Amino acid sequence: MAAVGDEPWLDDAAGRLVRPFTVSNGRTEPSVALDLISQVMATGITPLGYLGPEHAQALDLSRAPVSVAEMAAHLRLPAVVTKVLLSDLVDCGALTTKPPAFRHNPTDRSLLEAVLDGLRRQL
């Protein structure tokens, strides 16, 4: 059970009460290269010192592999802020990362056309 003050500072009417970049202490560059589809997973190592409630929530969410994009959505933070938080956890050994494994060349014309066709069908 979370202690009082450990939950994200949210208000139903106003939304997030703390600006996202306050969570990362104004940092916009992660120390570890993370792609939106990179996978992160908790290692079981407990970080030393206080990191913040968002870090604890990220660790909790990463018990199973999760992508950076999914993590950002769950934390309700911009991707760049999420990358900074995750890189903090990687730096202290609490998270491990796995780069995306592509089965296809991401710039393969047929793959890009298939994605474009799928997007057009959604509109």
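**Here we look at the pattern of salt bridges**
Then, number 1: Counted under the stated rule, the structure contains 2 salt bridges.
Then, number 2: As a salt-bridge pair, Asp60 and Arg63 come within 2.7 Å of each other at their nearest N and O atoms.
Then, number 3: Take Asp60: its relative accessible area is 42%, and that puts it in the partly exposed class.
Then, number 4: One salt bridge connects Glu113 with Arg109, and the closest N-O pair in it is separated by 3.0 Å. Separated by 4 residues within a single helix, Glu113 and Arg109 lie in helix H5 (residues 109-122), roughly one turn from each other.
Then, number 5: Residue classification places Glu113 among the partly exposed residues on the basis of a relative accessible area of 38%.

**Section: the nonpolar core**
Then, number 1: In this structure, Val40, Ala58, Met71, Leu75, Leu86, Leu89 and Leu95 are the most contacted members of the largest nonpolar core, which totals 16 residues.
Then, number 2: Elements represented by at least two residues in this core include exactly helix H2 (53-61), helix H3 (68-75) and helix H4 (79-91).
Then, number 3: For this core, the element with the most residues is H4, which contributes 4 residues.

**Considering the environment of Leu85**
Then, number 1: Summarising the element assignment, Leu85 is placed in helix H4.
Then, number 2: Given a relative accessible area of 0%, Leu85 falls into the buried group.
Then, number 3: Taking the C-alpha atoms as reference points, Leu85 and Ser31, separated by 54 residues in sequence, lie 9.7 Å from one another.

**Section: the confidence of the model for the protein**
Then, number 1: For the protein, per-residue confidence averages 79 on the pLDDT scale, and residues scoring 70 or more make up 72% of the total.
Then, number 2: Model confidence for the protein, summarised as mean pLDDT per element, is weakest for strand E2 (residues 15-16) at 48 and strongest for strand E3 (residues 39-42) at 94.

**Observations concerning the side chain of Ser67**
Then, number 1: Take Ser67: it is sitting in strand E4 (residues 66-67).
Then, number 2: Judged by relative accessible area, which is 9%, Ser67 ranks as buried.
Then, number 3: Within polar-contact distance, the side chain of Ser67 engages the backbone nitrogen of Glu70 at 3.1 Å.
Then, number 4: Ignoring sequence-local partners within four residues, the contact set of Ser67 consists of Leu36, Ile37, Ser38 and Gln39.

Parameters at a glance
- Residues numbered from 1 in each chain as written.
- Predicted model: local features only at pLDDT ≥ 70, side-chain atom pairs only at ≥ 80, totals over all residues.
- Heavy atoms only, no water.
- Salt bridge = Lys/Arg side-chain N within 4 Å of Asp/Glu carboxyl O.
- Buried < 20%, exposed > 50% of the residue type's maximum accessible area, 1.4 Å probe, protein only.
- Helix = DSSP H or I, 4+ residues; strand = E, 2+ residues; numbered from the N terminus.
- Core = buried A, V, L, I, M, F, W, Y, C linked by side-chain atoms within 4.5 Å.
- pLDDT = per-residue confidence, 0-100.
- Polar contact = N/O pair within 3.5 Å; in protein donor to acceptor, adjacent residues only side chain to side chain.
- Contact = heavy atoms within 4.5 Å.

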